[in-house]
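For reference, the chains in residue letters:
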Amino acid sequence: MNSESIVVGLDVGTTKICVVVGEVTDEGIDILAVGTFPSTGMRKGVVISIESTVESVREAVEEAESRAGVEIRAVYVGIAGGHIKGFKSYGATGIKGKEVTPLDIERVIDSAKAVYVPLDREVLHVIPTEFILDGQDGIRDPTGMIGGRLEVKVHIITGTVTSVQNLLKCCEKAGLEVIDIVFEPLASAEATLTHDEKELGVALIDMGGGTTDIVLYKDGWLRHTSVLAIGGNHLTSDVAVGLRIPVSEAERIKKSFGSAAAGMVSESEEIDISQIGGQLRRIPRRYLSEIIQPRCEELLELIKGELNACSGYDIAASGVVLTGGASLLNGLDRMTETILGLPVRTGVPENGGKRLISPLEGDINSPIYATGVGLVLYGSETESNRVFLPDLFTGIFGRMKGWVMGIFR
Ligand SMILES: Nc1ncnc2c1ncn2[C@@H]1O[C@H](COP(=O)(O)OP(=O)(O)OP(=O)(O)O)[C@@H](O)[C@H]1O
Ligand SMILES: [Mg+2]
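Residues numbered from 1 in each chain as written. Chains lettered and ligands numbered in written order. Predicted model: local features only at pLDDT ≥ 70, side-chain atom pairs only at ≥ 80, totals over all residues. Heavy atoms only, no water.

**Notes on unusual backbone geometry**
The condition that has to hold: Going along the chain from the N terminus, every DSSP run of H or I of four or more residues is numbered as a helix, and every run of E of two or more is numbered as a strand. Burial status follows relative accessibility: with a 1.4 Å probe on protein chains alone, a residue under 20% of its type maximum counts as buried, one over 50% as exposed, and anything between as partly exposed.
Phi is positive for Asp219, which is not a glycine, with a value near 55 degrees. Looking at where Asp219 falls in the secondary structure, it is placed in the loop between β13 (212-218) and β14 (221-228). We classify Asp219 as partly exposed; its relative accessible area is 38%. Its identity is not glycine, yet Arg244 carries a phi of approximately 50 degrees, on the positive side. By the element assignment, Arg244 lies in the loop between α6 (232-243) and α7 (247-257).

This is the structure:
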């Protein structure tokens, strides 16, 4: 196997670290193996303990290595957390009536990057959302077109320098080179959204353990990003506090018996729960859902507010795609449909926009692995895109990495 053809995604999540190994072939991408390990050093999507995170990353990498039979050296790592902010910018350049070249595109995007970014923030992505040539808008790729003035609208995604540094430090200590840092829901979108959904307009909502990320696409372009610092772990703590049981037990019963809507649960059904001292207690299953329901409603109302604030309802014409483990809660999809008033489907990385050679089998074919598989797809796409927008994917990160690595020396 040629090591050049191996692309590895590292999803450093709040609840689990996940390493996905893919092989890029002429027919498409083959997912060779996945390694996972519980994450204990993260909170709300950001590193709070380097030591624990490094340990978990090492374990997940080892598992993936032994399953795939390859040595993992370099990864595309996902980043999340409430510190991530997206905003729009605009750039323009003169073409002098000639054909637009890749260099012109690079130049116009460079001009859009010339905006004030606070010193404590680092640019992670500069994503073009539309090119305009001599007033003609909606252009996807102006290369080769003739015009006098090229304009671009871009979406800039930034994160706090300290969060980025800590994530990089964990990778470095785990012996991994980071090729690029990718905002996680962009990766999840790669793995789950169809071409048609991105064209017509769609909201991808990744409900993880510590964060809920929202990204919106329309006409094939990214339109909006936001992060809410609330996720499935909040439901688990509510259950633990409400029933006075250990967090591990709360997590177990939430997954096995929890429901987003108490009305879905029969009044007579009972479940056994293990209390803090270890004794068993029998409670109506409905109690559990009565605790969970208000938090689900709160999360969905927050998402609705976010969609209202960013014209999400005008954008997401084809509806909502849910990813992330928290979206697996029984009845949450239907509740999302009711509260948001949009059609909802669960996004699994089954064919990754038709780029995966074979459908994923077993546990991997779950919304939990959308980010990890998406990082591999993003990585393989980035490799082939380097000629077209070089500075977008390598330049920014290259600079940042040089700077951050400088601190480690
Ligand atoms: N079957 C299930 N029912 C309900 N909740 C579930 C289920 N399976 C997983 N979860 C919840 O999903 C969450 C973990 O999801 P995921 O693996 O996507 O998070 P993460 O990537 O580790 O976190 P983040 O993306 O927020 O950093 C946990 O809160 C877990 O309780
Ligand atoms: Mg996640």
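**Structural notes on the sheet that holds strand β2 (residues 16-24)**
Quick note on the threshold: For two strands to pair, DSSP has to find at least two bridges joining them. Each axis is a line fitted through C-alpha atoms, taken for helices only over the stretch in contact, and angles between the N-to-C directions span 0 to 180 degrees. Between two residues, a contact is recorded if the distance between any of their heavy atoms is within 4.5 Å.
Reading across from one edge, β3-β2-β1-β6-β11 is the order of the 5 strands in this open sheet, with mixed pairing throughout. Here the strands that pair on one side only, and so sit at the sheet edges, are β3 (29-38) and β11 (177-183). Each neighbouring strand pair of the sheet contributes to a mean axis angle of 20 degrees, computed without reference to strand direction. Strand direction decides the pairing type here: strand β6 (residues 74-79) and β11, joined by 6 bridges, are parallel. When the sheet's bridge partners are listed, Ala74 is paired in β11 with Glu177. In the packing of helix α1 (residues 50-68) onto the sheet, the strands contacted are β1 (6-12), β2 and β3, and the crossing angle to β3 comes to about 145 degrees. In this fold helix α3 (residues 161-173) packs onto β1, β6 and β11, with an angle of close to 150 degrees to the strand it touches most, β6.

**Concerning the pattern of salt bridges**
Selection criterion: By salt bridge we mean one thing: a side-chain nitrogen of Lys or Arg within 4 Å of a carboxyl oxygen of Asp or Glu.
Counted according to the given criterion, the structure contains 20 salt bridges. Note that Arg295 is salt-bridged to Glu298, the shortest N-O span being 3.4 Å. With Arg295 and Glu298 both in helix α8 (residues 285-309) and 3 residues apart, the pair spans about one turn of that helix. You can call Glu298 partly exposed: its relative accessible area is 37%.

**Observations concerning the site of ligand 1**
Worth spelling out the cut-off: Whether a residue is near a molecule or strand depends on its heavy atoms: it is near if one of them lies within 4 Å of it. Here a polar contact is recorded for every N or O atom pair within 3.5 Å, except that within protein the pair must consist of a potential hydrogen donor and a potential acceptor, and residues adjacent in sequence are included only if both atoms are side-chain atoms. Only the protein chains shown count as cover for residues, and the accessible areas themselves come from Shrake-Rupley with a 1.4 Å probe.
The environment of ligand 1 is formed by 19 residues, the closest being Thr14, Thr15, Glu251, Lys254 and Gly325. Measuring from an oxygen atom of ligand 1, one finds a backbone N or O atom of Thr211 at 2.9 Å. Interatomic distance of 2.6 Å between a side-chain N/O atom of Lys254 and an oxygen atom of ligand 1. When the free accessible area of ligand 1 is taken as 660 Å², the share hidden by the protein chains comes to 92%. Here the element with the most residues in the shell around ligand 1 is α7; it accounts for 3 residues.

**Regarding the pairing of strand β9 (residues 136-139)**
Relative to β9, strand β8 (residues 121-133) is paired through 2 bridges, and the arrangement is antiparallel. Note on β9: the bridge partner recorded for Phe131 is Ile139. The turn linking β8 back onto β9 is made up of 2 residues, and Asp134 within it adopts a positive phi angle of 50 degrees.

**Describing the domain arrangement of the chain**
A common way to report how large an interface is uses the accessible area buried once the components associate. For clarity, the threshold we go by: Those domain boundaries reflect an automatic or database domain assignment. What gets called buried area is simply the loss in accessible area from a 1.4 Å probe that two parts show on being joined, summed for both.
Domain annotation for the chain reports domain 1 (85-160) and domain 2 (194-348). A separation of 36 Å is found between the C-alpha centroids of domain 1 and domain 2. Facing 11 residues of domain 1, the contacting portion of domain 2 comprises 8 residues. Taking both partners together, domain 1 and domain 2 bury about 750 Å²; carbon and sulfur atoms supply 49% of that area. It is Thr129, Arg140 and His155 that lose the most area in domain 1 upon contact with domain 2, and together they represent 62% of the buried surface on that side. At the junction of domain 1 and domain 2, the tally comes to 1 salt bridge. Salt-bridge contacts for Glu199 lead to Arg140; the nearest nitrogen and oxygen are separated by 2.8 Å. Our count for the contact surface shared by domain 1 and domain 2 stands at 5 residue pairs in polar contact (both at pLDDT 80 or more). Contributions of two or more residues to the side of domain 1 that touches domain 2 are made by β7 (85-99), β8 and β10 (146-160). Here the element with the most residues in the side of domain 1 that touches domain 2 is β8; it accounts for 5 residues.

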